[in-house]
Every structure is written in structure tokens, then in C-alpha cells.
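Observations on the three-dimensional arrangement
Chain residues, written in single-letter form:
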Amino acid sequence: MHTSRTLRSAAAVCGTAALTMSLVACGGSNSASGSADAAIVRVPGTEPQQGLIPAMTNENGGGRVVDMLYSGLVYYDAEGEVHNEMAESIDKEGDKTYKVILKPDITFSDGTPVTAATFVDTWNYAVANEQLNESFFSSIKGYSEGVEEMEGLKVIDDRTFTIELTQPESDFPSRLGYNAYFPLPPAALEDPESFGENPVSNGPYILKEWKHNQNLVIEPNPEYSGERTPKNDGIEFVFYADSGASYMDLLSNNLDVLEAIPSSAFGSYEQDLGERQETKPAATYLEMSIHVDTPHFNGEEGTLRRRAVSMAINREEIAKTIFHGTRTPAREFTSPVLPGYSDNLPGSENLDYNPEEAKKLWAEADKKYGAFEGTFPINYNTDGDNKDWADAVANNISNTLGIQAVGNPYPDFKSFREAYRSERMDGAYRTAWFADYPSMGNFLGPNFTTGVASNDSKYSNPEFDELIVKANGANSPDEAAKLYNQAQELLLRDLPAIPLFYPNVVGGWSENVSNVTFNWKSLPVYYDIEKDSAK
């Protein structure tokens, strides 16, 4: 899932015209819901890019909300372990088929039953209507873009359905906790646009109110019977504009949990928060993408220039001086917390700081294809902690390659993402990834397979695509990791995106809350947070 991911740290600055932040950023104490004495936990967020439809949500602003409103067949605990949620059992029948039996008497918040047909109809609808996450169903027999019904999905009875895949894929059940696979009631399929603004839920929470570009409040779902039972009266996602005021609100107890302390506070947050902070690795990743059709950055010329740009970046120095060691320089395209990770793949030398080689490659490209002219922008969103590193990267590139590289801010993640997804954005643009499920394949397939929705650079390599298919169908995790890493060797050669850093969770919480945990992909475990309603 792309981040503002995110990594999509949410924050605000007093006086920002784009958002009305009088409720939070300048020291207000009442929640946007008006329940000053309720145990509503206040956390940062970003405006969802569109309505709260699971298969249409592939960015973190909406994703963190969708994950609380809906439940899938399985869910992931704080460590990334898989547990049944709507499913009573998921059993393998033969090499390619899974039989799913739902728990009895499960419903949406309006009382609509959740049945086997609910899942099958929702999944078919996502593919037939080419929703953003439809590629997550590509393993199912009969899948093709826009197909009305996938023949691999069969309803047996109200609680039972089967899923037949096109090939054996041993990790398929573990993917089913991602929001693409969440069910929707029939009303959602009739009018998804209206439903996305006022969704009916089957997860731990229901939507209470959504003030666009300001905040979104969810409260416990009385119909929910799963294991993620809320320990609070609700969650308020506050949409900040950049990285200043969220931290100040945390220190003043006007914000309860902040999962991404801004880099400006890295030198002081441990002293400021004492035991109310945590730092640990997570399944996240930060990069810069460059569209394959960008002038001077396509074909063989593009390969030369991308390598030059990558080698011009001093990741170690930026990690030390700006991030105070809370970021690790990237060595490939996944995450060190995942099984199969390797920091020494063939091609990883293209991520080394090597200014002399960078100059040589850039000069070679100039000689063969004509001199590069104009500026090279590093595009980023300001409602995330991106300015300092983007400016530092721009300075590295300018000083090494002798061109004018500049940081280029967009006011918020929503407008930034819409800009680079709707048309080619020249230069490099900040992209990032939170894992959807704990697998190397989740970082690689959704981001770089030909034609998928999250392939932001529009990279296309049939050899890479074939390796991903083979890895997905591997007989063992070790075999899969070997194939995924072979696919990564192609990415390290072509650099459709330039890996930058692996961010750690650097989070903190207020004096008003307890039982705060940051999960395997760096987000708070929202439903476990407890708040003293008197504070």
C-alpha cells in the first residue's frame, strides 16, 4: 500500500490555509466529535484519496481507516501473524483449491448477513469494474481484467465457498487479510460512490463522521464479534498539513499517538517523552520513482542516468544527519524484517554512494544521447516528513552531477498522488510502501508488475513478471525468496525506482493513553489503545 505510507507521517502547522486546524494544531483540547470527556483516541491521518471502498483503496490515508471499518477472512496481529477473523476455517483441497467456511451469524453493522455470496460477489465486482486493487485477484482461475465472474469462485452454501487458483500458491491464504479481499454488502455494489462516503461496516468500528480535509471519527461497531475488540470509545484521525504541530500536540496531550515523530525532533524525542516512545524496525520502504517515459530517463539512456542519480545519493550521511539513525539505507526493494531479505544482491552496488562513477555514467549518457537540460525536481508531499531528506537528496544530485536538482513540494498527499498518477510527473517523485501482508512478493508484484495499479513508474519487464509468477507458485518459502531475489536483480539493474531508506517506527504517545503498540508495518494497533476518559 502506498504511503503518505506513506512515510506518510501526519502532521500540521498552525496557520496553514489549506486545512482548518483550530481543533488541534494550535492547542485546542476538544475532539472534533465534540466528546471532550469520551475515551476517543486522537491520532494523525491523511485525507483518504477517495471513498472508503476496500478494493478502491491502495493508499495509507484511506487504508488505515478501511482496516478498522472492515474485516476479511483473516487478520494480522501486531507481529504480522495470521489469524482467522470472518473465516472459521480455510482448508486446502488439492494443490490449487481452498475451501472457506465462514463463522456463523456474522453481519454488517446494519444487520445485513455476511455470507459466502457476499465475498464472491464483492470480489467479482472488484474485477468486473476494474477497481484499483483488482490485480490482487489475478491468482484466481478465470481472472482477466474486467471479467464479470471468475470461474474459480464457487458458492457452496451460505457459509461455504471455494477458491480455485490458476497454479499452486502456498501463501495465498496469508494474503486474505489485505483490504482488497474485504466483503461489501449488496448496497455497496449498487451505489459504491455514495456507500464510500457513508459505509456500512463489518469490522471493529463504524464511521461516525468525516469532515473532509479536517478529520474522520470512527466508533466501536456493536455488531462486531471478532477478536479485534476495541478497548476505547473510538478513534479520531486528524488530518495535519506537515510535520510541525502534530508533535507539539503530542507533547501537550492534544494528540494521543504519533507513529512517525518528525525528523526535527529526532534529537530530543527520547528526552521529551521518556518511556512514552518506541523505536523498532517495520515492513516499510521509501524510494523515488521516475516514470519510464520521462525525457532522458527511458531506454538505455534512462538506465545510465538512473544509476548515476542513485550513486549520487549519500544515504549513509542523510540517515545519520537528518534521521539520526532512525532510517537504514536501502539495499534492495523490500524490507529487512521479511524472510528472504538480502543486503548483497547482484546490482546492489548501484545503491552505493559512488560520486565518481555517478559522474562517469552521467557524462556517458550526455555524450551518447545529448546533454541533459533543465531542472531535475524531487517531488514530494508536505503532509509527511519529507522536506529535509528531499532537499538533501537534491543537493547530493546537484553537487555530484552538476545539474540543478530541487525539492518540489505538493501541499498534501492526496493532491500529490493524484498528480503523479493522472499524468507523467517529470523528475523523481517520492513513493513508499507499507506491507499489505508479510511477504517479499507484496513489495515486488504490486509495485513493478506490468500494468498493476501501484506500478507508479510504469515499469514493464516480461522477465520480471515471469519470475514473480514463479515465486508466487513456489513450493516453499526458501524457493520463493530465491525467485523474488532474482526478480530484484532486474530491478537493481533497471532502477524503475531508486531505493532510499528503510524507516523504523519512531513513535510516541501522550500521558492520556496506555497499551500502545506499533505493529509490524509501523501503524498503531488502534483497537488496543486505552484512554482515560477523564483526561
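Starting from 1, residues in each chain are numbered consecutively following that chain's sequence as written. This being a predicted model, a pLDDT of at least 70 is required before a residue's local features are given, and a value of 80 or more before pairs of side-chain atoms are given or counted; all residues contribute to the totals for chains, interfaces and linings. Note that the side-chain values use all heavy atoms of the structure and ignore hydrogens as well as water.

Examining the overall build of the protein chain
Counted only if it meets this: Helix numbering and strand numbering both begin at the N terminus, where a helix is a DSSP run of H or I of at least 4 residues and a strand a DSSP run of E of at least 2. The method behind every accessible area is Shrake-Rupley, applied with a 1.4 Å probe, and residues are considered shielded solely by the protein chains displayed. Charged residues are defined here as Lys and Arg on the positive side and Asp and Glu on the negative side; His and the ends of the chain fall outside this count. Taken as the charge location is NZ of Lys, CZ of Arg, CG of Asp or CD of Glu.
Secondary structure summary: the protein chain contains 15 helices and 20 strands in total. Taken along the three principal axes of its C-alpha coordinates, the protein chain extends 70 × 55 × 35 Å. Surface summary for the protein chain: the accessible area is close to 19,400 Å², and the carbon and sulfur share equals 45%. When the 42 basic and 80 acidic side-chain charges of the protein chain are each reduced to a single mean position, those positions are 4 Å apart.

Details of the nonpolar core
Nonpolar side chains tend toward joint burial in soluble globular proteins. Definition in use: As used in this record, nonpolar core signifies buried Ala, Val, Leu, Ile, Met, Phe, Trp, Tyr and Cys residues forming a set joined through side-chain atoms within 4.5 Å. Residue exposure (1.4 Å probe, protein chains only): buried if accessible area is under 20% of the type maximum, exposed if over 50%, otherwise partly exposed. Throughout, a residue-residue contact means that at least one pair of heavy atoms, one from each residue, lies within 4.5 Å.
Ranked by size, the top nonpolar core spans 100 residues in total, and within it Leu73, Trp123, Phe161 and Ile218 carry the most contacts. Sort the elements by how many residues they give to this core and helix α15 (residues 477-494) lands first, with eight residues. Leave out the neighbours within four places in its chain, and Trp123 touches Leu73, Phe137, Ile140, Met150, Leu153, Phe161, Ile163, Leu176 and Tyr181. By size, the runner-up hydrophobic cluster in this structure holds 48 residues, among which are Tyr247, Met288, Leu304 and Ala358.

Description of unusual backbone geometry
In this structure, His296 takes a positive phi of about 75° despite not being glycine. Relative to the elements of secondary structure, His296 occurs in the loop between β13 (284-289) and α8 (299-311). With a relative accessible area of 22%, His296 lands in the partly exposed category. Phi is positive for Lys458, which is not a glycine, with a value near 65°.

Quick word on the environment of Gln404
Within the element layout of this structure, Gln404 appears in strand β16 (residues 404-410). In this structure the C-alpha to C-alpha distance between Gln404 and Ala394, which are ten residues apart in sequence, comes to 8.1 Å. When residues no more than four places from it in sequence are discounted, the contact partners of Gln404 are Gly374, Thr375, Phe376 and Ser398.

What about helix α2 (residues 116-128)?
Stated formally: Given the number of residues in a helix, its expected span is that number minus one, multiplied by 1.5 Å.
For α2, with 13 residues, the first-to-last C-alpha span of 18 Å sits near the 18 Å given by 1.5 Å per residue. Extensive coverage of α2 is indicated by the burial of eleven of its 13 residues. Among the residues making up α2, those that are buried are Ala116, Thr118, Phe119, Val120, Thr122, Trp123, Asn124, Tyr125, Ala126, Val127 and Ala128. Those residues of α2 that are buried lie in contact with β5 (97-102), β6 (153-157), β7 (160-164), α4 (186-190) and α5 (192-197). At the C-terminal side of α2, Glu130 shows a positive phi close to 50°.

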